[in-house]
Structure formats: structure tokens, C-alpha cells
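The residues making up each chain are set out below.
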Amino acid sequence: MTQLERQQWDVVVVGAGGAGLRAAIEAREQGARTAVICKSLFGKAHTVMAEGGIAASMGNVNSGDNWQVHFRDTMRGGKFLNQWRMAELHAREAPDRVWELETWGALFDRTADGRISQRNFGGHEYPRLAHVGDRTGLELIRTLQQKIVSLQQDDKREFGDYEARLKVFQECTVTRVLKEDDRVSGAFCYERESGRFFVLEAPAVVLATGGIGKSFKVTSNSWEYTGDGHALALLAGAPLLNMEFVQFHPTGMVWPPSVKGILVTESVRGDGGVLRNSDGKRFMFDYVPDVFKEKYAESEEEGDRWYEDPDHNRRPPELLPRDEVARAINSEVKAGRGSPHGGVFLDVSTRMPAEVIRRRLPSMHHQFKELADVDITAEPMEVGPTCHYVMGGIAVESDTAAARGVPGLFAAGEVAGGMHGSNRLGGNSLSDLLVFGRRAGLHAAEYASALAGARPAVDEAQVDLAAAEALRPFSAEPQEGAAPENPYTLHQELQQAMNDLVGIIRRDAEIRQALEKLAELRVRARRAGVEGHRQFNPGWHLALDLRNMLLVSECVARAALERTESRGGHTREDWPAMDRSWRRANLLCRLADPTEGLAATDPVRGQIRLVREETEPIRADLLALFEKEELVKYLAEEELYE
Ligand code: FAD
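This one's a predicted model, so the numbers in the text were calculated from it and none came from an experiment.

Draft legend 1. Spotlight on the site of the ligand. Residues in close proximity to the ligand total 41 residues, the closest being Gly 15, Gly 17, His 46, Gly 210 and Gly 413. Elements that contribute at least two residues to the shell around the ligand include exactly helix H1 (18–29), helix H4 (136–159), strand E8 (172–180) and helix H11 (428–451). Considered class by class, the residues forming the shell around the ligand number 15 nonpolar, 21 polar and 5 charged.

Right under this line is the structure:
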């Protein structure tokens, strides 16, 4: 039996981004003793990078906005594959979550009459994104951290201990969710600095670990995004939903190579920036799909007038949902009308005075000046698609955020699936984090409290297995004279394969090639070896993360092969149309053999099995929010009939 430090908590939240912190605050406020564990420094989660804003139909800038309009936009953006109840809860509750942030000390930008200002973003009918310049995520995290500190101060006053009911374990990684029978019993963790293992015993675990972007070569995502929570859920027996839907944000930096993929916020277009090809043409007018034709301007003049008079003009097509804009840029570059470094031009310099650009887009101004020596007040930016967000994720119950099939497991934020359907609208992530972070914390606390004395016990054999699995890279044996595999090489090959073969435009033969490459990498990853010791050893950390990235990449590839249509963040060149009959289908990924774990799975056949499941019919009063003519474009015949 492995001798390890153990601590007992009611709720363990894995992840300290927006979703994790909001979940932790709620669980603690419900009276649960709550631990938060995160692999980066506290305050450094990916959420801190969010730029443009948080979507909530407060109607401060256009009083026509309300939750029903927000719901409609979200469903349209997701091409009606959203778990509709999540989209409903999200649209209804987002304004309260933003106002709540203000009461906790957030300082949003204001309108002239002193209300929270809201800006335009792609796919949102009205100006809806509450923001703090282009540094909204920073303010969100700062506020939630401050709230956590204030709760800890309350505990100090009451119990003489800041960490009596809320403790943060920073720079610690969870590698396994532990279970007794089918129920959660805790988490196996290691401290990154010392390499020390420890166990957090708890009947409820909330996964809030963010996304998967680091499986792709060109990405806007931070180093933490190795799909850990997705993999932890799979390994614990929970299914992942619709993993084929990966969002490629249309505007990442393309030059210089060292910064390729870093995000150029959508606010640039929301505030008036336009996309041009090498002929100087605003090409987006050529790419408005039929389903959106009535809602977007037909001429540059109309599009430009919309910024001043949105009630009498239609919005410019630069503000189409992200999947449409990313595909359009891809087509222009492929047709030879790209910029010198393989992107297109995004211009604000001819659209706004320099001082306005510096005020409204301070981070972008700084980012381009520092990283590319481009002054965006005087010249256009070069931009191209970058892997940005995963819509697929842990299949959860809409109201409670409970992961399906594993009592005690909850998920919120980017790691959870369903809310955004096949494509997320900008700004809808930050609101998702708060709405479902809160719900996950609430229901995890209630679940833990209902168990009272009958809590699941940690299974010692599982702890031993988790420790052995984590130590394996230190004892990788050379095979047939070949040295152990280098985790960095494996990671680069994985990223290249996913980028080239399961990227923005997909084809049957290429996805099959990717699956073969993944099978090869899986075999090689078992021989991934590291040198040195457990004290801060990034090669070892990466070797452990590889298990997660390989699992998640296989989910993306298998689901992408199965879905023979194009929808949102999944574009098949060989199946270019959206197929209404696929709207009824969710694809669930499960681990091939959950009872025996990874060792039992055949390395070539793969570790993932796909199951097709029918989507739940959309509630009638929500369907009634749409015109019949619009529904005909999305819904299958039998659904319309029903
Ligand atoms: P994160 O904030 O990423 O937090 C994940 C946490 O999990 C981290 O603390 C991490 O350390 C921890 N973790 C991961 N694995 C483990 C493990 N194994 N063990 C322990 N801890 C672990 N969305 C918007 O709505 N509006 C925007 O304006 C916007 N701008 C964006 C700009 C950029 C540049 C990017 C990249 C994204 C943007 N997004 C935006 C998307 C949004 O930021 C993310 O979807 C969101 O922040 C995800 O939050 P989260 O709480 O789910 O995860």
C-alpha cells in the first residue's frame, strides 16, 4: 500500500478558472468544506486570457435584448445541436451572474449614463458583451479570487483558520478520479514542484479543467489545455459528448512563427474592424450562407451604417459566427488571395482614430507592437484560423451539471459538453463558466451533504495503481536497442497530425490517417521515458499529460469520421452540407473497457468506442421563439411534424 498524505473534503474542485472558482464559492457558501486544486499558479488559469467580454442580455445598450433573443442566437450559433435546456438556463441566468460579479467588486466599462457597457460580437443580435477593455477575463478571475479570499477571512474569524472550509492547492495536478464501485471517492494528485503524491478524499468532484487546444499545433490556448478533465471523466466511466466540434477562431496571429495562433480578439471586428484579401476586397460579403442571408448586410455601405444605426440596418458579415468566418478565410488563402504569411488582413487602422483604437483595444495594440512590430493604428494585422475552443465535452445533466453515469462527478466550463452545440458564440463561454460553475458547486455540495455518514471509501488498490501509472515514465525500458521515447517529440508529432489531418477542413481518408498515427503514438507513448527526479520535472509532467491528449484526440478523430455532414466546428470537405437528419444525433465517446482501464485496451483498435444517441426534442415553448421558416432549415421533418 502506497503511504501518502490524505485529506478529507466534502467537495473537490479541479481547476481554478472561472468555472472552478465559481463552483468553489458556491459549494463553500452552501456549507461544504471545499478544496480547489489547479495545475498552474492560482490566478493564472486560462480564463485570465479572455479578452472580449461576457455575454448577458442585460439590454443596457439596446433595450430590445432579453433572454429569449440570447437563447435564439445561441441555438442558431450552435446550429441547433445545443443541449437546449443548458442554452435556456444560460440565457436566463447570465445577467444575474454578471450583476453578482459587480457586487463582488468587478469594475466593468460603463455607458455614458453609467450602466455596464455592452459590445457587439459575432452571432449576437444586440450589443451584449459586458467587458473591461479587452481584458475581461483578468477582471473576472481577480473578482472571483477576491471573493474566495473574503470567504477565507470569514473562516479565520469563525474558526481561527483561513483554510478551514476553503483551501486552494496550486501547482498540483490530478491524474485520476478515484471511485468506490460506481461512486466518486476522491482524487489522486501530485505536487508539481516536489513531485509528491497525495490523495484528496471527497464524495463529490467537480471537473473544471478547461479545453484541449494543446493537442493542435496552431492554437490560442495556454499550456494547461491538455484535455485532462475530459480524460479523467472518460477514465472514470463518464461519456464525452460530440467531441468532433472544435472551434477554430478565425483570427489568430500568423506571423512571426513563434507567436502563430495567439488570439486576435473578436472585439476588433465587433468594434468595426474589417477583413480584406490581398486584392483589398472585403470578401466576407461573398460568404454569407443561406441560413443567415436575411440577417446580414448585402453591401459595405449597409454594414457600415449598422454600427451607428443597428435598428435600421443589418450587421456586416465580418460578424457572422466564427465557424463561417474561419472557413471563409481558409478559402481565400487557398484561392491564392492571402496575405504574405498565409493569412488575410484585418484592419482597424482605416476605421477608427488611433486614440480610440488604443483605448478600446489596448491589449491588441500592445500585443502586435511587442510581438510582431506592427502598429495596428497605422497598418492592418495579418490573421488566420487558430484552434480555440472545444464545444464537445463531458456529457452532463443540464440542471445539475452532474456527469452522466458517475454519481459524485460534476463538470462545468469548457470541459463540459452540450451548451454550445456545434459552435460557440464569442462571449458565451465566460457566462457559461459562471452559470454552470455555480450550478455545479451547488449540486456537488447538496450531493455530498445528502450522503451524510455513508461516504464512499478510497480504494487502496486504485491509489497504488495511480501511483504506479504516474511513476512509469521513470522506468521506461529501451526496446530492441531503441532508447525510450521522448515525450516532447511525441507531443509535436501529435500536434502536427491533429492540425493537418483533423483540423479546420476534414476528409475521410485524412481522418483515418490520423487514427493510424494516433495508434502508433499510443504504442510509443507507453515507452515515453524521462530522466532526472520528481522535483519540478516538466518532461515528466508532459509524459503524464500525453495520456490525456491521446485519449481526447482519438475522441475528436473518431467522432469526426462518424459525422458525415458539415455543421459548426466540424467541416467535412467530402460531406459539405449540413444534414437535418444529423440534428437528431449526439455522438458519445466511451472508454473501450472502463472496468479494466487502459492496460486492457488494444493499442491498434483504439481506446474509444462511439455510441450514437438521439437528441432530446426541444421544448415546444422554446421552439415557438423561432419562425417556422427558420426551423425548416435546421430541424428534421419528423421533428417539425412533432
Ligand atoms: P480555465 O480557465 O482554463 O481553467 C482550467 C483550470 O483547470 C486551470 O486552473 C488549470 O490549471 C486547471 N487544470 C487543468 N488540468 C488540471 C489537472 N489535471 N489537475 C489540476 N488542475 C488542472 N470566452 C469568452 O466568453 N469571452 C472572451 O472574450 C474570450 N476570450 C478568449 C481569449 C483567449 C485568448 C482564449 C484562449 C479564450 C477566450 N475565451 C473567451 C474562452 C474562455 O476564456 C475559456 O473557454 C474559459 O476561460 C475556460 O474557463 P474554464 O474555467 O473552463 O477553464
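Draft legend 2. Just helix H3 (residues 84–103), in detail. Its 20 residues give H3 an end-to-end C-alpha distance of 29 Å, which sits within 8% of 28 Å, the value for a rise of 1.5 Å per residue. Of all the bends in H3, the greatest, near 45°, is centred on Glu 93, and the proline Pro 95 appears no more than four residues after it. Looking at H3, one finds that the buried residues are Trp 84, Met 86, Ala 87, Glu 88, Leu 89, His 90, Ala 91, Ala 94, Pro 95, Arg 97, Val 98 and Leu 101. Where H3 is buried, its residues meet strand E4 (54–55), helix H2 (67–77), strand E6 (129–130), H4, H11 and helix H16 (620–623). Residue Gly 105 follows H3 closely and has a positive phi angle near 115°.

Draft legend 3. The arrangement of the packing of helix H5 (residues 228–236) against helix H15 (residues 538–562) in detail. Where H5 meets H15, the closest approach of the two axes is 8 Å, and the angle between their N-to-C directions is 80°. Of the possible angle classes, the one that applies to H5 and H15 is roughly perpendicular. Residues Asp 228, His 230, Ala 231 and Leu 234 of H5 form the contact with H15, whose participating residues are Arg 547, Asn 548, Leu 551 and Val 552. Its residues placed into classes, the contact of H5 with H15 shows 4 nonpolar, 2 polar and 2 charged.

Draft legend 4. Quick peek at the UniProt feature "domain: FAD-dependent oxidoreductase 2 FAD-binding" (unreviewed entry) in the protein chain. As annotated in UniProt, the feature "domain: FAD-dependent oxidoreductase 2 FAD-binding" (unreviewed entry) corresponds to residues 10–430 in the numbering used here. Taken end to end, residues 10–430 is 29% helix and 18% strand, and its first and last C-alpha atoms sit 26 Å apart.

Draft legend 5. Focus on the sheet that holds strand E2 (residues 11–14). One open sheet holds the 5 strands; their spatial order is E7-E3-E2-E11-E18, and the pairing between them is parallel. Of all the strands in the sheet, the pair left with one neighbour each is strand E7 (166–169) and strand E18 (409–411). For this sheet, the mean inter-axis angle between neighbouring strands, taken without regard to orientation, is 20°. The sheet contact formed by E2 and strand E3 (residues 34–37) spans 4 bridges and is parallel. Looking at E3, one finds that Val 12 is bridged to Ala 35. H11 rests against E2, strand E11 (204–207) and E18 of the sheet, and its axis sits at about 165° to E11.

Draft legend 6. How the structure looks around the nonpolar core. In this structure, Val 11, Val 206 and Ala 411 are the most contacted members of the largest nonpolar core, which totals 181 residues. Setting aside anything within four residues of it in sequence, one finds Val 206 in contact with Val 11, Val 13, Val 14, Ala 23, Phe 410, Ala 412, Ala 440, Gly 441 and Ala 444.

Cut-offs applied
Residues numbered from 1 in each chain as written. Predicted model: local features only at pLDDT ≥ 70, side-chain atom pairs only at ≥ 80, totals over all residues. Near = placed C-beta within 6 Å. Helix = DSSP H or I, 4+ residues; strand = E, 2+ residues; numbered from the N terminus. Nonpolar A, V, L, I, M, F, W, Y, C, P; charged D, E, K, R; others polar. Expected span 1.5 Å × (residues − 1). Bend = angle between axes of the 7 residues up to and from the residue. Buried ≥ 20, exposed ≤ 12 C-beta atoms within 10 Å, placed from the backbone. Contact = placed C-beta atoms within 7 Å. Axes fitted to C-alpha atoms, helices over the stretch in contact; angles between N-to-C directions. Parallel < 35°, antiparallel > 145°, perpendicular 65-115°, else oblique. UniProt positions renumbered as here; feature names shortened; annotations may be inferred. Pairing = 2+ DSSP bridges. Core = buried A, V, L, I, M, F, W, Y, C linked by C-beta atoms within 7 Å.

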